[in-house]
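Letter by letter, the chains look like this.
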Amino acid sequence: MSLLSPIKDHHSERRMFIGRVVLASFVSFFLLSVVIARLVQLQVFDHELFAEKSQGNRVRIQAVPPIRGLIFDRKGRVIAENMPAYQLELIPEQVDDIDDTLNRLAAINLIQAAEIPRFKALSGSSQRFKPVTLKFRMTEQEIADFAIQRPRFPGVDFQPRLVRHYPYDDLFAHAVGYVGPLDTNDVQRLDPARYAGSSHTGKTGVEFSFENDLHGNAGFRHLITNARGRHVVANTTELLDSLPVDQNATPGFNVHLSLDLDLQRAAYNALEGRRGAVVALDPNSGDILAMVSSPSFDPNLFAVGMSTQQYNELQNDLDLPLFDRVIRGTYPPGSTIKPMLALAALETGATNLTRKSVCIGYFQLPGDEHRYRDWKPQGHGRVNLHDAIEQSCDVYFFEISGVLGIDNMHEYLTRFGLGSASGVDILGERAGVVPSREWKRQNFRDRDNQRWYHGETVIASIGQGFMLTTPLQLAVAAGTLATRGSHQRPHLVAAIEDPLSGEHTLLEREPPEEVAISNVEYWDEVLAAMHDVMQGPRGTARAVGTGAAYTMAGKSGTAQVVTVAQGVKYDELELEERQRDHALFIAFAPFDNPQIAVAVIVENGESGSGVAAPIAKAVMDQYLGYGKNATQ
Amino acid sequence: MRLSDTQRLFSSRPAPVRDFSDVMRRLHIDGPLLSGILLVSFFGLFVLYSASGENERLLVNQAIRLGVALVAMIIVAQLPPDFLRRWTPWGYLAGLLLLVLVLTKGDVGQGARRWLDIGIRFQPSEAMKLAVPMMTAWFLHDRQIPPKIGQLAVIAVLIAIPTIMIAKQPDLGTALLIAASGIIVIILAGMSFKLMFGLGVLAVPGALGLWHFMKDYQKQRVLTLFNPDSDPLGAGYNIIQSKIAIGSGGLFGKGWTNGSQAHLEFLPERHTDFIFAVLGEEFGLLGVMGLLVLYMFVIGRGLYIAVQAHDTYSRLLAGSISLTFLVYVFVNTAMVTGIVPVVGVPLPLVSFGGTSMVTLMAGFGILMSIHSHRKLLPH
């Protein structure tokens, strides 16, 4: 080819071109070979690996929450059950922008803006692909509204779930308690495998204390999901056959309580919504038959979820509806301890059955001007021990208190179950106080305060001063009196039932601790005095007991409100009413063969025999078949 | 006597086969090339039906595009190569003008300014895919080849202007493909290997310079190629999922419409740029090899036409169109299998999409025109 010649040499040009095309063909073939080699690597050599990854991609393990055990009363009536409801759930892994999604859900009123921080915290702490429940019970309107908007909320969906339901609303709120949504503390505390599909856990009462039995074990389901994690109904058997075997959830155990629905209702109604508590138990077994703290609340609010405003209203209510007065309320027992102190005094020789006091309406310690006043200003006159209990003469007990001594008082009252946790099978119980010299040494810093003063013994003899007891402890004490010293540990749960096999397991009972009193006459005399409190000519509660169809025994108490109950704010309008004395009453019936022991406290009720005793009687009436609803 | 012969004897009409090939000849259609294109396209429709989640509307849509593109191919095939050559510079200038319009007035879509709306919405960069190799071939047609350095410099400018304009849209993938179509022309024109090697060495600092000017998302794509697991939910997601799809397909695949990666939406862009992964998942290595063989047949026929061509312009243009087609196939399959970075290059004739289909078919039309308008003279 000549550089000078502009004339094209077509033949050599074509030869050169063919050469280049051949070269290009080789290069092309090489490039395609690289791709083919790569395909062989992916599809032949690494096939297993990618097949597995593909499987892992599309199969999601979904936890199946177990069905929570039911709770029955002693006659097999359901007091906590599970109801189907649609829940709004969010799977954090499938949501690109949690903040944005929650804000948009709040904008269409499906969740409340105030709850967003809580949901965010839960989204961060929950397990992989575990849904966070945003709303526990959706109305049909909400379901319809959300269904339209669903494509706008990837990772959010509504699911049919079982929601805890308490058919008797506020009747068992404190004893049975409630379940509530898992919070971040629960998530850390509970076994992640068992709770893999759960949204709720027991928070209070039996629901909390028997959580381990009630909850059951989660199962697993394998789902075919698309890239956004939505469940896809597989349309080919090839996809379905490739799934591993599912595992069913194990339902939780049913719990049978010793509580009696009718009795609970009678006690609740008798309180008429006043602040107070009623406990009734079977003194022979420790079975708690009724356990009411008033005012109450609707536990369904916790199970379904309530607004912050609703919660704040409950939390800030001056009457403390959320507070379980039965096991956590501590009150001075007042004169209700007199029968027990009488036994202690007889047993230790501090008094005898014939000793008499002249009650002039007050008592003075030698060399002290201070008058310890009897509740009856004009005095009871000459009274023996029987009279002192029947008429609740304070002076008699003031007089013998010095000989009996605070440490003996402590010893005997403790044996009856006062001032220490009763060991009931729900958690959160308060111990209260039955003071002693030792107790005072340990609980006061100041040296002067660590000394025990004689005057403190005097007021302790009528259940005032440092002494604080829970209504449950008083009921246990009443039961111990009824059984002549058989101190039963109280319990709410009678049996646990496996729902699959139907097998009942009765809970083990500890044998009662005996309060040893050497002379049976002491029991006879003290119990006879308690009988006369209700049915004697001068008994403080004769207005309640006289004319009843059965015999009963009781003891009233009136406790000065020294300190207002814990957590209550100072309020001028409420002040006067809330400074009135607490009314207390303990009782058991029938007198000859006690079947039921009751303790009642009405805060600021003023009169133990006038206000608390009728409530105790209403409960006993119901239990013994003389109640208003007895014909039912 | 065989049955067919008997039929022919007694038939009053001419043999239909003969008639058909006659029609083909008069329409300037190359039978083998058309067969290859149609086989690839029909295979593609099959895969697309599955990849789109059995969406019939989308399938019909693609079939219509295919039909329109085939009509465009037949129209282009009627234009003699001489005619095409004469109009090449004007076409090139018109293309540049459109690119200027895009950069100043174009519609923005997905963060890039690629579209122009003049009655119909289209991407002028598509037209440049043909205009650039045509212009390069036109420039070399009257000149002695191999070209000299000075001529190469002119060609470099002719290629660089549209390439840079398209890269600024930004559409790096198309820009590189257009540059490649021009470079292929000069390689086929006999550019010396020394020069190619020298330019290759110069390309290294060039690439580093390019890195400096790349947008963050483009850098990310390159980095992701080397370690897709570094960002499994971001830029690496596509590659991870497409490798899972292809690898899990194995030798024979999971079966048509049974690909879980595609049908459960794990695979992104499964009916457009990543459709090759759906093919790999559902038809396995066997199906993939089948498609590649069809592609090789089309490319081979194109190169055959180039070799048979009678003048420089036709030769270079036909060679460039065929080899650029190969580059499309390679870049897409290599990208989907994770050999090269993810650039937005569709799988030709198979991926869902409009303009690129018409361009491709117009290119095949040129091949057919070149082949059918030869003056059958002895050399």
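Calculation criteria
Residues numbered from 1 in each chain as written. Chains lettered and ligands numbered in written order. Predicted model: local features only at pLDDT ≥ 70, side-chain atom pairs only at ≥ 80, totals over all residues. Helix = DSSP H or I, 4+ residues; strand = E, 2+ residues; numbered from the N terminus. Buried ≥ 20, exposed ≤ 12 C-beta atoms within 10 Å, placed from the backbone. Contact = placed C-beta atoms within 7 Å. Axes fitted to C-alpha atoms, helices over the stretch in contact; angles between N-to-C directions. Parallel < 35°, antiparallel > 145°, perpendicular 65-115°, else oblique. Left-handed = near helix turned anticlockwise from the far one by under 90°. pLDDT = per-residue confidence, 0-100. Nonpolar A, V, L, I, M, F, W, Y, C, P; charged D, E, K, R; others polar. Pairing = 2+ DSSP bridges. Core = buried A, V, L, I, M, F, W, Y, C linked by C-beta atoms within 7 Å.

Enquirer: What is the right way to read the overall build of chain A from this model?
Expert: On a plain count of helices and strands, chain A comes out with 25 helices and 22 strands. Looking at chain A residue by residue over its 632 residues, the buried ones come to 46%. Across chain A, the fraction of contacts at a sequence separation of at least 24, relative to all contacts at a separation of at least 6, is 74%.

Enquirer: Sorry, what's going on with the packing of helix α3 (residues 31-51) of chain B against helix α4 (residues 56-78) of chain B here?
Expert: Helix-helix packing is described using two parameters, namely the angle between the two axes and the distance between the axes. Residue and element names in this part refer to chain B. The interhelical angle for the contact between α3 and α4, taken along N-to-C directions, is 160°, at an axis separation of 10 Å. The orientation of α3 relative to α4 falls into the category roughly antiparallel. Both α3 and α4 take part in a crossing whose hand is right-handed. Of α4, the residues touching α3 (which contributes S41, L45, L48 and Y49) are L59, Q62, A63 and L66.

Enquirer: Can you walk me through the confidence of the model for chain A in this structure?
Expert: When pLDDT drops low, the exact placement of atoms in the prediction is not to be read closely. Residue and element names in this part refer to chain A. Looking at chain A, pLDDT values average 85 and 92% of them are 70 or higher. Confidence drops under a pLDDT of 50 for residues 1-5, and excluding neighbours within four residues, the segment shows 2 contacts in the predicted structure. Predicted confidence is poor over residues 563-570, with pLDDT under 50, and the contacts of this stretch with residues over four places away or in other chains come to 5 contacts.

Enquirer: Help me out: how do you make sense of the packing of helix α6 (residues 124-141) of chain B against helix α7 (residues 149-167) of chain B in this one?
Expert: Residues and elements named next belong to chain B. Running from N to C, α6 and α7 cross one another at 175°; their axes reach a closest spacing of 10 Å. As judged from the angle between their axes, α6 and α7 are roughly antiparallel. Together, S125, M128, V132, M135, T136 and F139 of α6 and V154, I155, L158, I159, P162 and I166 of α7 make up the contact between the two elements. Split into classes, the residues belonging to the contact of α6 with α7 amount to 10 nonpolar, 2 polar and no charged.

Enquirer: Sorry, what's going on with unusual backbone geometry here?
Expert: Trans peptide bonds make up the majority, and among non-glycine residues the majority have a negative phi. All names here are of chain A. Residue S294 is joined to P295 through a cis peptide bond whose omega torsion reads 0°. Tracing the backbone shows P295 in the loop between β11 (288-294) and α11 (300-304). Backbone torsion omega between A589 and P590 reads -15°, so that peptide bond is classified as cis. By secondary structure assignment, the location of P590 is in the loop between β21 (582-589) and β22 (596-602). The residue S392 is not glycine, and still its phi comes out positive at about 60°. Of note, S392 is situated in the loop between α15 (385-390) and α16 (394-404). The phi angle at N604 is positive, at roughly 55°, despite the residue not being glycine. One can find N604 in the loop between β22 and α25 (608-624).

Enquirer: Would you explain the sheet that holds β11 of chain A in this entry?
Expert: Strands pair in a sheet through their backbones, by hydrogen bonds, and they do so in one of two ways: parallel or antiparallel. Residue and element names in this part refer to chain A. Strands sit in the order β11-β10-β22-β21-β20 across an open sheet of 5 strands; the sheet is antiparallel. Since the sheet does not close on itself, it has two edges, and those belong to β11 and β20 (553-559), each with one partner. Averaged over all pairs of adjacent strands, the angle between strand axes in this sheet comes to 5°, irrespective of strand direction. Examined bridge by bridge, strand β10 (residues 276-281) and β22 share 6 bridges and lie antiparallel to one another. Residue A280 lies in a different strand from β22, and its bridge partner there is V598. Most of the contacts of helix α10 (residues 261-271) go to β11, to which it runs at about 30°, and overall it touches β10 and β11.

Enquirer: Honestly, the interface of chain A and chain B in this entry has me stumped. Any pointers?
Expert: How large an interface is tends to be reported as the accessible area lost when its parts come together. With 40 residues of chain A at the interface, the matching set in chain B holds 39 residues. Taken together, the elements giving at least two residues each to the side of chain A that touches chain B come down to α1 (10-45), α2 (47-58) and α9 (237-241) of chain A. A per-element tally of the side of chain A that touches chain B places α1 of chain A first, with 20 residues. Residue composition of the side of chain A that touches chain B, grouped by class: 22 nonpolar, 9 polar and 9 charged.

Enquirer: What is the right way to look at the nonpolar core in this model?
Expert: Most often, soluble globular proteins have nonpolar side chains that are buried together. Formed by 128 residues in total, the largest nonpolar core has its most connected members in V278, V279, A280, A478, V598 and V619 of chain A. Considering every element that reaches this core, the biggest residue donor is α25 of chain A, with 9 residues. Counting residues in each nonpolar core, the second largest holds 116 residues, with A127, I184, I187 and V331 of chain B among its members.

Enquirer: Can you walk me through the environment of R77 of chain A in this structure?
Expert: All names here are of chain A. By the secondary structure assignment, R77 is in the loop between β2 (71-72) and β3 (78-90). Through-space distance from the C-alpha of R77 to that of D260 is 8.9 Å; in sequence the pair is 183 residues apart. Leave out the neighbours within four places in its chain, and R77 touches F72 and L261.

Enquirer: Explanation requested: helix α14 (residues 338-348) of chain A in the structure shown.
Expert: Within an α-helix, residues lying three or four positions from one another point in the same direction, as the helix has 3.6 residues per turn. All names here are of chain A. In terms of residue burial, α14 counts as a mostly covered element, since 9 of its 11 residues are buried. Of the residues making up α14, those classed as buried are K338, P339, M340, L341, A342, L343, A344, A345 and L346. In this fold, the buried residues of α14 make contact with α15, α16, α17 (406-415), α21 (471-482), α22 (520-535) and β20. Downstream of α14 by one or two residues, G349 has phi in the positive range, about 80°.

Enquirer: Can you help me understand the environment of L98 of chain B in this one?
Expert: All names here are of chain B. In this fold, L98 is placed in helix α5 (residues 81-105). Owing to 21 C-beta atoms within 10 Å, L98 belongs among the buried residues under this scheme. Taking the C-alpha atoms as reference points, L98 and M128, 30 residues apart in sequence, are found 9.7 Å from one another. The residues contacting L98, other than those within four sequence positions of it, are L116, P124 and A127.

Enquirer: What's the story with the confidence of the model for chain B in this structure? I'm lost.
Expert: This prediction gives chain B a mean pLDDT of 85; 87% of its residues lie at or above 70. Overall fold confidence for the complex sits at a pTM of 0.63, while the interface term, ipTM, reaches 0.88.

Enquirer: Please clarify how the pairing of strand β9 (residues 254-257) of chain A should be interpreted in this entry.
Expert: Regular strands place their side chains on alternate faces of the sheet. All names here are of chain A. What you see with β9 is no split at all: N254 and H256 on one side and V255 and L257 on the other are buried throughout. As paired strands, β2 and β9 are joined by 2 bridges and run parallel to one another. By the bridge assignment for β9, F72 is matched with H256. Examined bridge by bridge, β9 and strand β17 (residues 493-497) share 4 bridges and lie antiparallel to one another. Residue pairing in the sheet places L257 in a bridge with V493 of β17.

Enquirer: Explanation requested: the environment of P251 of chain A in the structure shown.
Expert: Tracing the backbone shows P251 of chain A in the loop between α9 and β9. Distance from P251 of chain A to L214 of chain A, taken between C-alpha atoms, is 8.1 Å for residues 37 residues apart in sequence.

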